[in-house]
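For reference, the chains in residue letters:
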Amino acid sequence: MTFVILLIFWALIFSLFLSKIKKGKAAEWAKLFRIVTITFSISIFTYWFIKKSAVGIVEDSVALQVINKLPQPLDFYVVILNDSDTGKIIETKHIGNIRPEYYRIEYLKMDKSDEYWIVGYLGKKNLVYFSQHALPNKNIDQIIEIQNYINQSVKLSDLAKKQVEAYNYENIKVGIWITLDFLLLFLNVVLLIRRKK
């Protein structure tokens, strides 16, 4: 998705420069390029937001229900991996901030993995919960109750913490690019509408 966001960014910048062309055959081609770019950008972002908003049920996935039994809300992540010895990570997901006596359900694609980690944060940086979970039977959904503050492995939790930090950094970076894309998209739409009058 990052590549598509950057592609949209540069296309929208190029469209702004093309808005300066006002006469001749070049102006018609410039206008066509701008219309295609705006339509493509709106379509991609609409699809992306619908996909992100929809419930993440995946075919042949395992449902993971995380229940917070602790007296404080915790921010949970799940890390899916191939091999805990080498620390080969497949995917990191943000489950969400879960209040006491509440739960969240996440759907995990476990076709290439048989182990996942759950990481819990109190605040933004304070890792207070880490647990490893094997998945011997991929046909049985998982229910995990968080009843105490535990760190099952300091070494693996440090690896998980780095992975979560990288995941959050990537999300912040993508968020900045999307904001810039929206700003450029707005400018392009305004300039295109103004030309039509």
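Let me sum up the structure you'll find in this document. None of the values given here were measured: they were computed from a predicted structure. The numbers attached to residues start from 1 for each chain and follow its sequence in the written order. Where totals are concerned, whole chains, interfaces and linings use all residues; where local detail is concerned, this predicted model gives features only for residues with pLDDT of at least 70, and gives and counts side-chain atom pairs only at 80 or more. Calculated side-chain values reflect all of the structure's heavy atoms, with hydrogen atoms and water omitted.

**Focus on the overall build of the protein**
Now for step 1: What counts as a helix is a DSSP run of H or I of at least four residues, what counts as a strand is a run of E of at least two, and both are numbered from the N terminus. Counting its secondary structure elements, the protein contains three helices and seven strands.
Now for step 2: Starting at the N terminus and ending at the C terminus, the protein contains elements arranged as α-α-β-β-β-β-β-β-β-α.
Now for step 3: Each principal axis of the C-alpha distribution contributes one length, and for the protein these read about 70 × 35 × 30 Å.
Now for step 4: Here's how the labels work: a residue is buried when its accessible area is under 20% of the maximum for its type, exposed when over 50%, partly exposed in between, all with a 1.4 Å probe on protein chains only. Sorting the 197 residues of the protein into buried and exposed places 37% on the buried side.
Now for step 5: Working rule for contacts: check all heavy atoms of both residues, and any pair within 4.5 Å makes them a contact. Partitioning the intrachain contacts of the protein with sequence separation of at least 6 by distance along the chain shows that 68% fall at a separation of at least 24.

**Here's the deal with the layout of surface pockets**
Now for step 1: By volume, the second largest pocket amounts to about 160 Å³.
Now for step 2: Tyr121, Lys124, Lys125, Lys161, Val164, Glu165, Asn168, Tyr169 and Ile172 together form the lining of the second largest pocket.
Now for step 3: With six residues, helix H3 (residues 154-196) is the largest single contributor of residues to the lining of the second largest pocket.
Now for step 4: Note on residue classes: Ala, Val, Leu, Ile, Met, Phe, Trp, Tyr, Cys and Pro are nonpolar, Asp, Glu, Lys and Arg are charged, and everything else, Gly too, is polar. Partitioned by chemical class, the residues of the lining of the second largest pocket number four nonpolar, one polar and four charged. Grid points spaced at 1 Å over the protein atoms alone were grouped into cavities, where a 1.4 Å probe fits but cannot get out, and pockets, open sets with protein on both sides within 12 Å along at least five of seven lines, with lining residues defined by an atom within 4 Å of a point. Grid points are joined across faces, edges and corners, and a volume is the space filled by probe spheres set on the points.

**Considerations on the sheet that holds strand E4 (residues 103-108)**
Now for step 1: Pairs of strands are assigned from DSSP output, requiring at least two bridges between the strands. Spatial ordering of the open sheet is given by E4-E1-E7, a layout of three strands whose pairing is mixed. Strands with a single pairing partner mark the edges of an open sheet, and in this sheet they are E4 and strand E7 (142-146). Between one strand and the next, the sheet's axes are offset by a mean angle of 20°, whatever the strand orientation.
Now for step 2: In terms of strand pairing, strand E1 (residues 62-68) meets E7 through five bridges, oriented parallel. Its bridge partner being in E7, Gln65 is matched across the sheet by Ile143. What counts as an axis is a line fitted to C-alpha atoms, over the stretch in contact for a helix, and the angles between N-to-C directions run from 0 to 180 degrees.

**Quick word on unusual backbone geometry**
Now for step 1: Phi at Glu101 takes a positive value of approximately 65°, unusual for a residue other than glycine.
Now for step 2: Within the secondary structure, Glu101 sits in the loop between strand E3 (88-98) and E4.
Now for step 3: For Glu101, a relative accessible area of 53% translates into the label exposed.

**A closer look at the packing of helix H1 (residues 2-18) against helix H2 (residues 24-53)**
Now for step 1: Across the interface, H1 lies against H2 with an axial gap of 10 Å and an inter-helix angle of 150°. In this view, H1 runs roughly antiparallel relative to H2, as classed from their interaxial angle. Considering how the two elements wind past one another, H1 and H2 form a crossing that is left-handed. Taken together, the residues of H2 that come into contact with H1 (itself represented by Val4, Ile8, Ala11, Leu12, Phe14, Ser15 and Leu18) are Ala30, Phe33, Arg34, Thr37, Phe40, Ser41, Ile44 and Phe45.
Now for step 2: Of the residues contributing to the contact of H1 with H2, the split by class is eleven nonpolar, three polar and one charged. Orientation labels follow simple angle bins: below 35 degrees gives roughly parallel, above 145 gives roughly antiparallel, 65 to 115 gives roughly perpendicular, and whatever is left gives oblique. Helix crossings get a hand from a simple test, with the near helix turned counterclockwise from the far one by less than a right angle marking a left-handed crossing and a clockwise turn marking a right-handed one.

**Examining a nonpolar patch on the surface**
Now for step 1: Residues form patches when they are more than 30% accessible in relative terms and have no salt bridge. Like charges link within 9 Å. Nonpolar side chains (Val, Leu, Ile, Met, Phe, Trp, Tyr) link within 5 Å. Only the protein chains shown count as covering a residue, and every accessible area follows the Shrake-Rupley method with a 1.4 Å probe. Salt bridges are counted wherever a side-chain nitrogen of Lys or Arg sits within 4 Å of a carboxyl oxygen of Asp or Glu. Taken together, the side chains of Phe3, Leu7 and Phe40 make up a nonpolar region of the molecular surface, amounting to roughly 330 Å² of accessible area.
Now for step 2: In this structure, Phe40 sits in helix H2.
Now for step 3: On the accessibility criterion, Phe40 (39% relative accessible area) is partly exposed.

**Quick notes on the nonpolar core**
Now for step 1: Joining through side-chain atoms within 4.5 Å is the link that ties buried Ala, Val, Leu, Ile, Met, Phe, Trp, Tyr and Cys residues into a set, and such a set is a nonpolar core. One finds Leu64, Val66, Phe76, Tyr116 and Ile118 to be the most contacted residues of the largest nonpolar core, which totals 19 residues.
Now for step 2: Broken down by secondary-structure element, the contributors of at least two residues to this core are E1, strand E2 (74-83), E3, strand E5 (115-122), strand E6 (126-134) and E7.
Now for step 3: No other element matches E2, which puts four residues into this core.
Now for step 4: Ranked by size, the runner-up nonpolar core spans twelve residues in total, among them Phe9, Leu12, Ile38 and Ile178.

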